[in-house]
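Spelled out from the first residue to the last, the chains are:
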Amino acid sequence: MTRPTNDDIGKMEKNEIAFYEIYCRVPPDSFDLIINRKSTKEIWDVLKNHYEGTEQAQDKKRTTAQNEFNNFKALPGESHDDSFKRFNLIVTELSNAGITRSDHEKNM
């Protein structure tokens, strides 16, 4: 068996630090998700999936946000302020889904 290199030791130390940091910062209601996980990568993947959803769920969020943006219209009887607030929520949903729009697109 070969001895670990300094680079290997450095990676192991970073992994242990990340493992500890994640454990210390996970909210109590999510701790059961990670309690029996063995690696930092496994913990990270479980938490990412829990909070962000699967890739398929993320695609659906992006598509829904995109459709809401593309189909936005003021509702009958809706004030300008309420329309603006609703529009800004849609733009925020786009941003949260990883989609950015130029100012030109937002103003069209």
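As a reminder, the structure under discussion sits directly above these lines.
Worth saying up front: this structure is predicted, and the values here are computed from it rather than measured.

Q: Is there a simple way to think about the packing of aromatic side chains in this case?
A: For any pair of aromatic rings, the description rests on two quantities: the centre-to-centre distance and the angle between the ring planes. Here the structure, examined in full by the defined rule, presents four aromatic pairs. For the pair F19 and Y23, a centre-to-centre distance of 5.0 Å together with 35 degrees between the ring planes defines the contact as tilted. In this pair, F19 and Y23 both sit in helix α1 (residues 6-25), four residues apart, roughly one turn of the helix. By relative accessible area, which is 24% here, F19 ends up partly exposed. Joined through ring pairs, the aromatic side chains of F19, Y23 and F31 make up one cluster.

Q: How should the packing of helix α4 (residues 55-70) against helix α5 (residues 80-96) be read in this particular structure?
A: Where α4 meets α5, the closest approach of the two axes is 9 Å, and the angle between their N-to-C directions is 150 degrees. Classified by the angle between their axes, α4 and α5 sit roughly antiparallel to one another. α4 and α5 meet at a crossing whose hand is left-handed. The residues of α5 that touch α4, namely those facing A65, Q66, E68 and F69, are F87, I90, V91, E93 and L94. Of the residues assigned to the contact of α4 with α5, the class counts are six nonpolar, one polar and two charged.

Criteria and cut-off values
Residues numbered from 1 in each chain as written. Predicted model: local features only at pLDDT ≥ 70, side-chain atom pairs only at ≥ 80, totals over all residues. Heavy atoms only, no water. Phe/Tyr/Trp six-rings, centres within 6.5 Å; stacked < 30°, edge-to-face > 60°. Helix = DSSP H or I, 4+ residues; strand = E, 2+ residues; numbered from the N terminus. Buried < 20%, exposed > 50% of the residue type's maximum accessible area, 1.4 Å probe, protein only. Axes fitted to C-alpha atoms, helices over the stretch in contact; angles between N-to-C directions. Parallel < 35°, antiparallel > 145°, perpendicular 65-115°, else oblique. Left-handed = near helix turned anticlockwise from the far one by under 90°. Contact = heavy atoms within 4.5 Å. Nonpolar A, V, L, I, M, F, W, Y, C, P; charged D, E, K, R; others polar.

Distances and angles like these do not, on their own, reveal function.
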